[in-house]
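# Structural characterization, general
Each chain, letter by letter, is given below.
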Amino acid sequence: MPELPEAETIARDLDPRLAGGRVTDITVHHHDVLATDPATFGRQLIGRTFAGAGRRGKNVVLPLEDGGRLVVNLGMTGRLVLSDAPRAGELRHVAVRFTLEDGRSLLYDDTRRFGLLEVFEADAWRERDAELGIEPLGDLFTAGALHAMTRRTRVPIRNFLLDQYRVAGVGNIYALEALFRAGVRPTRRSHTVTRAEAARLRDALQDVLRRAIGNRGTTFSDYRDGSGERGGFEPLLQVYGREGTPCAACGTQIRRRVLSNRSVFYCPACQR
Ligand SMILES: [Zn+2]
């Protein structure tokens with residue numbers, strides 16, 4: 001499932017190549033990925049020009065030159081690929097095609113169609129942006145800020161990290177990897193996390209996210225970056241999906257259990 005590193009990878013790929021692209025036509029093959037009906041979606045975007053590509057949380061945010069935004073939540077299997085990218089021809093589940101004035105197309109492909117495309121005008125986007133949680137790679141995400149946030153809630157720390165209105169962009173994979181590196185068990189109640197643990201967790205989360213971006217994300221099922229390539233972070237995972245294998249730090253078998261209907265993986269010796 002795409003998280004911050006996958007959205008960031010897609011945005012970085014698209015940014016220089018999409019800037020200046022004016023939408024001249026939109027073909028909707030599967031309207032269930034749109035926040036509105038296809039006719040309205042077309043009226044919202046045709047004639048407008050992309051200013052580039054960025055990210056907020058797990059969303060790819062495509063700013064328009066007039067201040068609006070096309071916000072793409074990738075869901076489980078969403079991808080955004082320009083038609084002149086090396087492997088664009090392999091896409092089999094294109095839901096929306098944006099024809100650009102220069103002859104290229106921006107393709108939104110989504111096998112399982114849990115993604116969502118929504119146009120925000122400038123004011124509406126400011127409101128939406130303000131509702132989302134803190135960016136874990138931003139300057140405001142300090143150890144002190146994280147500790148102050150964790151002290152206010154009793155939810156398990158894994159669930160805290162997944163709450164997009166607290167910390168934006170983190171999903172199960174990177175939350176579990178960061179908790180392993182910080183030595184904090186995923187089931188720990190957030191308010192019991194010490195200041196020292198919060199500091200380790202903050203550093204671990206930033207390190208894991210940066211490494212994942214450096215490796216162009218983690219490939220699970222259908223994730224592809226903005227060039228249609230698979231991500232390279234998967235071999236670097238230390239606990240996620242590694243139930244029964246030895247912990248890289250101490251050799252104890254990695255355990256799996258279910259927390260709030262989703263798996264957690266952890267080392268029972270290293271994580272307290
Ligand atoms: Zn261990």
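Everything numeric here is computed off the predicted structure, so don't read it as measured data.

Here the focus is the pattern of salt bridges. By the definition in use, this model includes 22 salt bridges. Among the ionic pairs, Arg56 bridges to Glu135, the shortest N-O distance being 2.8 Å. Here Arg56, found in strand β2 (residues 54–56), pairs with Glu135, found in the loop between α3 (122–131) and α4 (143–150); they are 79 residues apart in sequence, far enough to count as distant. Per residue, the accessibility class of Arg56 equals that of Glu135, and both read buried. The salt bridge involving Asp84 is made with Arg104; its shortest N-O contact spans 3.7 Å. Here Asp84 is found in the loop between β5 (78–82) and β6 (94–100), whereas its partner Arg104 is found in the loop between β6 and β7 (105–110), with 20 residues between them in sequence. For Asp84, a relative accessible area of 44% corresponds to the partly exposed category. What you see here is one network of salt bridges that share partners, running through Glu8, Arg12, Arg55, Arg56, Asp129 and Glu135.

Looking at where Tyr165 falls in the secondary structure, it is placed in the loop between α5 (157–162) and α6 (172–182). It is 17 Å that separates the C-alpha atoms of Tyr165 and Leu205, two residues lying 40 residues apart in sequence. Those residues in contact with Tyr165 that sit more than four places away from it in its chain are Arg128, Glu131, Leu132 and Gly133.

For a metal bound by four donors in tetrahedral geometry, the ideal donor-metal-donor angle is 109.5 degrees, whereas six donors in octahedral geometry ideally sit at 90 or 180 degrees. Within the protein, the atoms that donate to the zinc ion are Cys247 (SG), Cys250 (SG), Cys267 (SG) and Cys270 (SG), at distances of 2.2 to 2.4 Å. Bound by four donor atoms, the zinc ion shows angles of 102 to 114° at the metal and therefore tetrahedral coordination geometry. Judged by its relative accessible area of 0%, Cys267 falls in the buried class.

With antiparallel pairing, the four strands of this open sheet are ordered in space as β1-β6-β7-β5. On the outer flanks of this sheet lie β1 (23–28) and β5, each paired with one strand and no other. Sheet twist, expressed as the average angle between the axes of neighbouring strands with direction ignored, equals 15°. As paired strands, β6 and β7 are joined by five bridges and run antiparallel to one another. By the bridge assignment, Arg97 is partnered in β7 with Leu107. Along the sheet face, helix α1 (residues 4–18) touches β5, β6 and β7 and points at about 30° away from the line of β5.

A word on the pairing of β7. Most of β7 is tucked away, with six of its six residues classed as buried. Residues Ser105, Leu107 and Asp109 line one face of β7 and the alternating positions Leu106, Tyr108 and Asp110 line the opposite face, and both faces are buried. Both β5 and β7 contribute to a ladder of five bridges, which runs antiparallel. Bridging across to β7, Gly78 finds its partner in Asp110. Counting the residues between successive antiparallel strands, the hairpin from β6 to β7 contains four residues, one of them, Gly103, with a positive phi of roughly 100°.

Parameters at a glance
Throughout this document, residue positions are counted from 1 along each chain, in the order its sequence is written. The predicted origin of the model limits local features to residues at a pLDDT of at least 70 and limits the giving and counting of side-chain atom pairs to 80 or more, whereas totals for whole chains, interfaces and linings rest on all residues. Only heavy atoms go into the side-chain values, all of them from the structure, while hydrogens and water stay out. Criterion for a salt bridge: a side-chain nitrogen of Lys or Arg within 4 Å of a carboxyl oxygen of Asp or Glu. Strands here are runs of E lasting at least two residues and helices are runs of H or I lasting at least four, both read from the DSSP assignment and numbered beginning at the N terminus. Working definition: with a 1.4 Å probe on protein chains only, accessible area under 20% of the residue-type maximum means buried, over 50% means exposed, and in between means partly exposed. In what follows, a contact means two residues having at least one pair of non-hydrogen atoms within 4.5 Å. Here a donor is an N, O or S atom found within 2.8 Å of the metal, or within 3.2 Å if the metal is Na, K or Ca; sites may look incomplete because water is not among the atoms. All geometry calls rest on donor angles, where a four-donor set with angles between 85 and 135 degrees is tetrahedral, four- and six-donor sets with opposite donors more than 155 degrees apart and all others between 65 and 115 are square planar and octahedral, and all else is irregular. Here a strand pair is declared whenever DSSP counts at least two bridges between the two strands. Between N-to-C directions, angles span 0 to 180 degrees; the directions come from axes that are lines fitted to C-alpha atoms, helices contributing only their stretch in contact.

Nothing here speaks to function; it is all geometry.
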